[in-house]
Amino acid sequence: MPCTVIVCGFFGDTGKGKIVSYLSLRDKIAVAARAGVGPNAGHTVVHKGKEYKMRMLPSGFVYDKCRLLVGAGVLINPEILLEEIRLTESQGRVGVDRQCAIIEPKHIESDKKGHLAQKIKTTGSGTGPCNAERALRAVKLAREVPELEKLLTDVPYEVNTAIAEGKNVLIEGTQGTYLSLYHGTYPYCTSKDVTASAACSDIGVGPTKVDEVILVLKAYTTRVGAGPLPNELSWEEAEKKGWAEVATVTGRRRHSAPFNYDLAKRAVMLNSSTQAALTKVDVLFPECKGVTSYEELSREAKALIKNIEEEIQVPVTLIGTGPGALEIVDRWKGLTN
Ligand code: IMP
Ligand code: MG
């Protein structure tokens, strides 16, 4: 079962980075391919005691033999990409599709004012204006940028070849289902579709090549920026519960609410998920911190997992019990060659 897609079932920030980093180590992933919008995403990966905030490179970088690719659908900020390659010491194993579009200072400037900044409250990273220019067929592509020349590759060819050879491939979606331009809370959403099908299209892999779609859900719900969040708590209530989070990219406060079964169920449908990962269970149930076997989880945590499985009708196979890549309960024995 070599090809797995990972997407978020809520509004982003559910801990995809952590799940991807765990799987890339467990399954010795040959290729991790980053899909999604661009550097508006922030994935926190904790590995060997060090915290990384990834915005461009796949979170699979933690497995040091993994090839790291960025698909054509993704918008690149060259400065951020090159800095991440340096920080993660991943020179020599990164490839960028020739047709990735490039974020320029003018895109960032227009993302930081007017409708986008004031009404939508975007991350200000330039992704919306860049995608708009791309739709007009006027955007600059990676193949035109000399600093990226050494990184350029044919991502669809590399990924499809790896799949054909039976190697393990992870496609990393970003943002979250309800930030999708098509299926999310329009106009409070990002600048393109971000469901599993879109992630595949970003990379250049068709639906018949995908074996598993893992939907990442957090034990409570958060969103950042403008837009509705049902049953939202006040910041004070969130602080009491330990749900008061601050955004990775923008440093803004995240709005929070209890786990939303309706959204989770619909996200399973929109992404054709085959399984789910439930993260931050230790935030809801501190007694579960660092636990790595299902039996050790508390009765309350097990009851929540059972409820979720009954509602969403796919198994919860991975359960996050802390920020470290290995703080996880693994009930899925998929992949692994
Ligand atoms: P944009 O994607 O920067 O245009 O922002 C549009 C909306 O999506 C804003 O509400 C952002 O806060 C949100 N958003 C975009 N990317 C992410 C992400 O990776 N995590 C969480 N929220 C995001
Ligand atoms: Mg994030």
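Model, not experiment: these values are computed from the prediction.

Moving on to a nonpolar patch on the surface. Taken together, the side chains of Leu-181, Tyr-182 and Tyr-186 make up a nonpolar region of the molecular surface, amounting to roughly 380 Å² of accessible area. Within the fold, Tyr-186 resides in the loop between β10 (169-172) and α7 (196-203). Judged by relative accessible area, Tyr-186 falls into the exposed class, the value being 61%.

Right, let's talk about the pattern of salt bridges for a bit. Under the criterion given, the structure shown has 18 salt bridges. Residue Asp-13 is joined to Arg-254 by a salt bridge in which the shortest nitrogen-to-oxygen separation is 3.2 Å. Placement of the pair is Asp-13 in the loop between β1 (3-8) and α1 (16-26) and Arg-254 in the loop between α8 (235-241) and β13 (255-258), with a sequence separation of 241 residues. In this structure Asp-13 comes out as partly exposed when scored by relative accessible area, which is 22%. On the basis of relative accessible area, Arg-254 is assigned to the buried category, the value being 8%. Across the salt bridge formed by Lys-192 and Asp-202, the nearest N and O atoms sit 2.8 Å from each other. Here Lys-192 is found in the loop between β10 and α7, whereas its partner Asp-202 is found in helix α7, with ten residues between them in sequence. For Asp-202, a relative accessible area of 7% puts it in the buried group. In this structure, a network of salt bridges that share partners links the residues Asp-13, Lys-218, Glu-245, Arg-254 and Lys-280.

What follows covers the coordination of the magnesium ion (ligand 2). Within the protein, the atoms that donate to the magnesium ion (ligand 2) are Asp-13 (OD) and Gly-42 (O), at distances of 2.0 to 2.2 Å. Of this pair, Asp-13 sits in the loop between β1 and α1 while Gly-42 is found in the loop between β2 (31-34) and β3 (43-47), placing the two residues 29 residues apart along the sequence. Of the residues examined, Gly-42 reaches a relative accessible area of 15% and is grouped as buried.

What follows is about unusual backbone geometry. A cis geometry characterises the amide bond from Tyr-186 onward to Pro-187, with omega recorded as 5°. The phi dihedral of Lys-28 is positive, around 45°, even though this residue is not glycine. Structurally, Lys-28 is set in the loop between α1 and β2. The class for Lys-28 is exposed, based on a relative accessible area of 54%. Phi is positive for Asn-231, close to 60°, though the residue is something other than glycine.

Moving on, we come to the pairing of β2. Burial of β2 is two-sided: the residues Val-31 and Ala-33 facing one way and the residues Ala-32 and Arg-34 facing the other way are all buried. Where β2 lies against strand β5 (residues 67-70), four bridges are found, and the strand directions are parallel. Looking at β5, one finds that Ala-32 is bridged to Leu-68. Relative to β10, β2 runs parallel, the two sharing four bridges. Across the sheet, residue Ala-33 finds its bridge partner in β10, namely Ile-171.

Our next topic: the nonpolar core. Counting residues in each nonpolar core, the largest one holds 51 residues, and the members touching the most others are Val-5, Val-159, Ile-171, Leu-217 and Leu-278. Other than its neighbours up to four places away in sequence, Leu-217 contacts Gly-9, Phe-10, Thr-14, Phe-259, Ala-264, Ala-276, Ala-277, Leu-278, Thr-279 and Ile-312. Listed in part, the 39 residues of the second largest apolar core include Val-62, Cys-66, Val-70 and Cys-100.

Secondary-structure assignment places Gly-225 in the loop between β12 (220-223) and α8. Sequence separation between Gly-225 and Arg-254 is 29 residues, and the spatial gap between their C-alpha atoms is 7.6 Å. Residues contacting Gly-225, with those up to four places away along its chain left out, are Lys-121, Arg-252 and His-255.

For any two helices packed against each other, the geometry comes down to the angle between their axes and how far apart the axes lie. The geometry of helix α9 (residues 261-271) relative to helix α11 (residues 299-312) is characterised by a closest axis approach of 9 Å and an angle of 50° between their N-to-C directions. Here α11 runs oblique to α9, going by the angle between their axes. Handedness of the crossing formed by α9 with α11: right-handed. Here Tyr-261, Ala-264, Lys-265 and Val-268 of α9 come into contact with α11, specifically with Leu-304, Asn-307, Ile-308, Glu-311 and Ile-312. Residue composition of the contact of α9 with α11, by class: six nonpolar, one polar and two charged.

Here the structure, examined in full by the defined rule, presents five aromatic pairs. A ring pair is formed by Tyr-52 and Phe-61, whose centres lie 4.9 Å apart and whose planes are at 70°; its orientation type is edge-to-face. Residues Phe-259 and Tyr-261 carry aromatic rings whose centres are separated by 4.9 Å and whose planes lie at 65° to one another, so their mutual orientation is edge-to-face. Using a relative accessible area of 10% as the deciding quantity, one classes Phe-259 as buried. Of the residues examined, Tyr-261 reaches a relative accessible area of 24% and is grouped as partly exposed. Ring pairing ties together the aromatic residues Phe-10, Phe-259 and Tyr-261, which thus form one cluster. Note that Lys-302 overlies the ring of Tyr-294, its terminal NZ or CZ placed 5.6 Å from the centroid.

Rules and cut-offs
Residues numbered from 1 in each chain as written. Chains lettered and ligands numbered in written order. Predicted model: local features only at pLDDT ≥ 70, side-chain atom pairs only at ≥ 80, totals over all residues. Heavy atoms only, no water. Patch = residues over 30% accessible without salt bridge, like charges linked within 9 Å, V, L, I, M, F, W, Y side chains within 5 Å. Areas by Shrake-Rupley, 256 points an atom, 1.4 Å probe, with all protein chains shown as cover. Salt bridge = Lys/Arg side-chain N within 4 Å of Asp/Glu carboxyl O. Helix = DSSP H or I, 4+ residues; strand = E, 2+ residues; numbered from the N terminus. Buried < 20%, exposed > 50% of the residue type's maximum accessible area, 1.4 Å probe, protein only. Donors = N, O, S within 2.8 Å, 3.2 Å for Na, K, Ca; no water. Pairing = 2+ DSSP bridges. Core = buried A, V, L, I, M, F, W, Y, C linked by side-chain atoms within 4.5 Å. Contact = heavy atoms within 4.5 Å. Axes fitted to C-alpha atoms, helices over the stretch in contact; angles between N-to-C directions. Parallel < 35°, antiparallel > 145°, perpendicular 65-115°, else oblique. Left-handed = near helix turned anticlockwise from the far one by under 90°. Nonpolar A, V, L, I, M, F, W, Y, C, P; charged D, E, K, R; others polar. Phe/Tyr/Trp six-rings, centres within 6.5 Å; stacked < 30°, edge-to-face > 60°. Lys NZ or Arg CZ within 6 Å of the ring centre and 35° of its normal.

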